[in-house]
Amino acid sequence: MATPARPEPLSYGSYLKVADLLKCQEPESDKLGTPAHDELLFIITHQTYELWFKQIIHELDAVLRLMATDSVDERDVGRVLKHLERVVAIQRVIVQQIDILETMTPLDFLDFRDLLAPSSGFQSAQFRAIENKLGMLRAKRLAYNAQPYEAVLPQAERERAVGPESQPSLFDRVDAWLSRMPFRNFRDYDFWQAYNAQVTAMLAREEEAIRSAHAGNQAALAAQLAGLARTREEFGAVFDAARYEEARAQGQRRLSYPAFLSALMISLYRDEPILQTPFRLLTALIDIDENLSLWRYRHMLMVSRMIGARIGTGGSAGQDYLKRTVDAHRIFPDLFALSTYLLPRSTLPPLPPQVAGELGFRYAP
Ligand code: HEM
């Protein structure tokens, strides 16, 4: 089919709408006749963030579409991974971007800060959309001025932020994908029994080492043994679905039990060819969560150097609120917790050749 003729040949400027883009920076300080040099930097930095947010949403939407089916084709797992790794690369850039804004001094910021109230980054609808698409739970959000986050959004932007909450999130899709994995039980081989035996042996070795290291110091021995008892408790939950569900009901876990076991299996046997892509996918999710926390932390530090203990333009207790979000607003802490349950490669139960073959080539249920 012939390409329709254009009234004018496409140019760099017309394709990218550069002229429109360059009209989008309107410093309030200029409008009021009190130009503040750094306001342009402030605007451009935020606009750049919003463009990257748009790209992140584009990637997440593609991932959510690919993972929406009941069985995610293995090639699609590779595509999902490409999208997620791109999100990670973008996040690295936008965390770094804080360096540029920090070339503005608090005094430079004061030249125009008051002109911005009551607007705030808290009103970024795309930021909320990203959090929600990743799987942030409303119930886990810290309160902001005792009202839901969307209360401060202009009506026209609310749907963009809140809409994704009623759709399955990346967390939900990953949980379903992991739960469906056929690798948790192998026909005539009880993997979890073999794993349990290795864990028991490992913890017995640790106890022996503690007892011989602290034989002459009862207080230190008791403290170390108490720590070991906690580790045994932690491992116990792996073998006991009821205890796992209890921890889940108390909010200490979010992944479903089958999904947790699959994720652990993937982490333990990540070297098996068929588990390498799933392992990279779990790693990308961990990277995304970590980068989001890094951004929150860097942003909080930037806020503290810019405004000290003053409240934000949005009216919250500024940096206190932001500091608490670094921990409270994490989405995939379950994946970080998997490291608790790893065994050294040397003590991993060997997979029987038939099972290793299935993992290496094709799993035939
Ligand atoms: C001088 C630079 C900045 C200062 C002083 C600042 C200050 C603040 C403060 C105090 C808050 C808490 C809400 C409030 O009361 O307003 C906040 C939230 C927020 N800011 Fe900034 N900010 C700055 C730069 C940025 C930049 C460059 C972005 C990029 C988009 C951004 C995005 C956000 C977001 C998304 C939130 C909500 C965070 C959450 O609820 O978890 N901020 N900011």
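Residues numbered from 1 in each chain as written. Predicted model: local features only at pLDDT ≥ 70, side-chain atom pairs only at ≥ 80, totals over all residues. Heavy atoms only, no water.

A.B. asks: Would you mind going over empty space enclosed by the protein in detail, with residue names and values included?
C.D. replies: Per the stated rule, a full pass over the model turns up one cavity of 30 Å³ or more. Its volume calculated, the largest cavity comes out at about 140 Å³. What lines the largest cavity is a set of 15 residues, and nearest its centre among them are I56, Q91, I94, I130 and L292. Secondary-structure elements contributing two or more residues to the lining of the largest cavity are α4 (39-66), α5 (74-96), α9 (125-134) and α16 (273-307). Its residues placed into classes, the lining of the largest cavity shows twelve nonpolar, two polar and one charged. (1 Å grid on protein atoms, 1.4 Å probe; cavity = no way out; pocket = protein on both sides within 12 Å on 5 of 7 lines; lining within 4 Å. Points joined across faces, edges and corners; volume = space filled by probe spheres on them. Helix = DSSP H or I, 4+ residues; strand = E, 2+ residues; numbered from the N terminus. Nonpolar A, V, L, I, M, F, W, Y, C, P; charged D, E, K, R; others polar.)

A.B. asks: Give me the nonpolar core: which residues, what numbers.
C.D. replies: Counting 94 residues, the largest nonpolar core has L84, L170, W177 and Y195 as its most contacted members. For this core, the leading source of residues is α16, giving 14 residues. Once you skip the residues sitting within four places of it in the chain, L170 turns out to touch L60, V63, L64, M67, L84, K133, L134, L285 and F332. (Core = buried A, V, L, I, M, F, W, Y, C linked by side-chain atoms within 4.5 Å. Buried < 20%, exposed > 50% of the residue type's maximum accessible area, 1.4 Å probe, protein only. Contact = heavy atoms within 4.5 Å.)

A.B. asks: Account for unusual backbone geometry, naming residues and giving values.
C.D. replies: A cis amide bond, omega 0°, links A117 with the succeeding residue P118. Within the fold, P118 resides in the loop between α8 (113-116) and α9. Unusually for a residue other than glycine, K17 sits at a positive phi of about 50°. Counting through the fold element by element, K17 comes out in the loop between α1 (12-16) and α2 (18-22).

A.B. asks: Account for the packing of helix α13 (residues 218-239) against helix α15 (residues 257-268), with residues named and values stated.
C.D. replies: The geometry of α13 relative to α15 is characterised by a closest axis approach of 10 Å and an angle of 110° between their N-to-C directions. Taken together, α13 and α15 sit at an angle that is classed as roughly perpendicular. Of α15, the residues touching α13 (which contributes A237, V238 and F239) are Y257, F260, L261 and L264. Of the residues that constitute the contact of α13 with α15, the class distribution is seven nonpolar, no polar and no charged. (Axes fitted to C-alpha atoms, helices over the stretch in contact; angles between N-to-C directions. Parallel < 35°, antiparallel > 145°, perpendicular 65-115°, else oblique.)

A.B. asks: Quick one: what's the story with the packing of aromatic side chains, residue by residue and with numbers?
C.D. replies: Counting across every chain of the model gives 18 aromatic pairs. Relative to W192, the ring of F191 lies with its centre 4.6 Å away and its plane at 75°, an arrangement referred to as edge-to-face. The same class applies to F191 and to W192, which are both buried. Aromatic ring contacts, followed pair by pair, group F191, W192, Y195, F239 and Y269 into a single cluster. The residue whose ring lies beneath R253 is F260, and the NZ or CZ to ring-centre distance is 5.4 Å. (Phe/Tyr/Trp six-rings, centres within 6.5 Å; stacked < 30°, edge-to-face > 60°. Lys NZ or Arg CZ within 6 Å of the ring centre and 35° of its normal.)

A.B. asks: Could you give an account of the side chain of Q319, with specific residues and numbers?
C.D. replies: Checked against the element boundaries, Q319 lands in helix α17 (residues 318-328). Given the relative accessible area of 18%, Q319 is considered buried. A polar contact of 3.0 Å, which involves the side chain of Q319, links it to the backbone oxygen of G308. Those residues in contact with Q319 that lie beyond four places of it in its chain are M300, V303, S304, G308 and A309. (Polar contact = N/O pair within 3.5 Å; in protein donor to acceptor, adjacent residues only side chain to side chain.)

A.B. asks: Describe the confidence of the model for the chain, and please don't skip the residues or the numbers.
C.D. replies: Counting all residues, the mean pLDDT for the chain is 91, and 94% of those residues have values of 70 or more. Contacts of residues 361-365 to residues separated by more than four positions or lying in other chains number nine contacts, the stretch itself having pLDDT below 50. (pLDDT = per-residue confidence, 0-100.)

A.B. asks: Break down a nonpolar patch on the surface for me, with residues and values.
C.D. replies: Taken together, the side chains of L10, Y12, Y15 and L16 make up a nonpolar region of the molecular surface, amounting to roughly 500 Å² of accessible area. Its place among the elements puts L16 in helix α1. Classification of L16 as partly exposed rests on a relative accessible area of 40%. (Patch = residues over 30% accessible without salt bridge, like charges linked within 9 Å, V, L, I, M, F, W, Y side chains within 5 Å. Areas by Shrake-Rupley, 256 points an atom, 1.4 Å probe, with all protein chains shown as cover. Salt bridge = Lys/Arg side-chain N within 4 Å of Asp/Glu carboxyl O.)

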